[in-house]
Amino acid sequence: MECWRFVECLLRNSGQYVQVLTSWTSNHMKRWKIKVLTVETAENIGSFVKKRGPPLEILSDLKKEGSQFNANSGSVLALNELEILFRALEKSKCLNRLVFDLSLARGLDYYTGVIFEAVFKGKTQVGSIAAGGRYDNLVGMFSGKQVPTVGVSLGIERVFTIMEEQLQKDSNQVIRATETQVLVVFVGKDLVQAAELVSELWNAKVKAEFTVTKKVMRQIDHARQSGIPLMVILGESELANGVVNVKEVAVNKEEAVPRERLVEDLQRRLSAFESLSNRYVVV
């Protein structure tokens, strides 16, 4: 990022050098030259890297009158480009997912523009799970052609850690292959009667599907495999008696319910079912 070149300028002009001997191996020593910053310079840099918060608020603070960033052309360019980015993100309704953090740094020096990290906000705390940034010259070092690029890499081991915890969490959940709550099975050939009944359920905001068949067991298997919790089974005899059979698939329990009370009965059962919804996942 261009604004960090301003910080580099502070480092270069900090003054003193000392020689420090550091252990290389048991038989080798290597000399390193390390810059020693004055207290004033260190505090000056520290005041910048402590800034972290909502992107536009931090940006406004860095660009305000009297800011040291305004004295450096590279920093001014970087801040103007960041404002374009932040405004675009604001328009796309995702700026609230970003934090502008001036302490962010990458371990490689080929970055020439903005850098970023992605952090998982769930219960599993693993630090950043992805990171990258803009580098204008890296590709050209190998190809001879300048190709400005933005790249990102994933911390695959950290992603696996999150996935493993999620799998453990889901181990007590029941997987459902559909959002259908009620499967209506009309035993016979009367499509009109079946359509009328399921339309009544749809109007009551019950997620239902229906079929007309004589092979009830096949439909029971379908409901069980798909995770559909309730079935309504009826035929000519049920219609004649003014009842329908409501089946709770998971426990294989079936009960005759008066036709006029069907919607009320299903809503009651579904309400009890939804209270356990944290154990069910639709995939």
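Before reading further, recall that the structure is shown in the block above.
Conventions used here
Residues numbered from 1 in each chain as written. Predicted model: local features only at pLDDT ≥ 70, side-chain atom pairs only at ≥ 80, totals over all residues. Heavy atoms only, no water. Core = buried A, V, L, I, M, F, W, Y, C linked by side-chain atoms within 4.5 Å. Buried < 20%, exposed > 50% of the residue type's maximum accessible area, 1.4 Å probe, protein only. Helix = DSSP H or I, 4+ residues; strand = E, 2+ residues; numbered from the N terminus. Contact = heavy atoms within 4.5 Å. Polar contact = N/O pair within 3.5 Å; in protein donor to acceptor, adjacent residues only side chain to side chain. Pairing = 2+ DSSP bridges. Axes fitted to C-alpha atoms, helices over the stretch in contact; angles between N-to-C directions. Parallel < 35°, antiparallel > 145°, perpendicular 65-115°, else oblique. Left-handed = near helix turned anticlockwise from the far one by under 90°.

Q: With reference to specific residues and values, describe the nonpolar core.
A: Ranked by internal contacts, the top residues of the largest apolar core, which has 19 residues, are Val 182, Val 184, Leu 201, Val 232, Val 244, Leu 262 and Leu 266. Residue assignment for this core shows that the elements contributing at least two residues are strand E9 (182-187), helix H7 (191-203), strand E11 (230-235), strand E12 (243-248) and helix H10 (262-274). If near-sequence neighbours (up to four positions away) are discounted, Val 244 is found in contact with Leu 197, Val 232, Ile 233, Leu 234, Glu 255, Ala 256, Val 257, Arg 259 and Leu 262. Formed by 12 residues, the second largest nonpolar core is a distinct cluster that contains Ile 58, Leu 62, Phe 69 and Leu 79.

Q: Quick rundown of the side chain of Ser 67? Include the residues and the values.
A: Here Ser 67 shows up in the loop between helix H3 (55-63) and helix H4 (73-91). On the accessibility criterion, Ser 67 (12% relative accessible area) is buried. Polar contacts involving the side chain of Ser 67 include one to the main-chain carbonyl oxygen of Leu 62, which spans 2.6 Å.

Q: Quick one: what's the story with the pairing of strand E6 (residues 128-135), residue by residue and with numbers?
A: Consecutive side chains along a regular strand alternate between the two faces of the sheet. Among the eight residues of E6, seven are classified as buried, and the element is accordingly described as predominantly covered. Here strand E5 (residues 115-119) runs beside E6; their pairing, made up of five bridges, is antiparallel. Bridged to Phe 116 within E6 is Gly 132. Judged from the six bridges that link them, E6 and strand E7 (residues 149-154) form a sheet pairing that is antiparallel. Within E7, the residue paired with Ala 130 across the bridge is Leu 154.

Q: Break down the sheet that holds E5 for me, citing the residues and quoting the values.
A: Here three strands make up an open sheet; going across it, the order is E5-E6-E7 and the pairing antiparallel. Edge positions in the sheet fall to E5 and E7, since each has one partner strand and no second. Taking the axes of each pair of neighbouring strands and ignoring which way they run, one obtains an average angle of 15° across the sheet.

Q: Tell me about the packing of H7 against H10, residues and numbers included.
A: Here H7 crosses H10 at 50°, and the two axes come no closer than 10 Å. Between H7 and H10, the angle falls in the class oblique. Here H7 and H10 pass one another in a crossing that is right-handed. Residues Leu 197, Glu 200 and Leu 201 of H7 form the contact with H10, whose participating residues are Leu 262, Val 263 and Leu 266.

Q: Which residues make up the sheet that holds strand E10 (residues 208-213), and what values do they have?
A: Two orientations exist for strands paired in a sheet by backbone hydrogen bonds: parallel and antiparallel. Here five strands make up an open sheet; going across it, the order is E10-E9-E11-E12-E13 and the pairing mixed. Two strands close off the open sheet at either side, each with one partner strand: E10 and strand E13 (253-258). Neighbour-to-neighbour, the strand axes of this sheet turn through a mean angle of 25°, independent of strand direction. Bridging between E9 and E11 involves six bridges; their strand directions are parallel. The residue of E11 that forms the bridge with Leu 183 is Met 231. Each of E9, E10, E11 and E12 is contacted by helix H8 (residues 216-226), which is oriented at about 175° to E9, the strand it contacts most.

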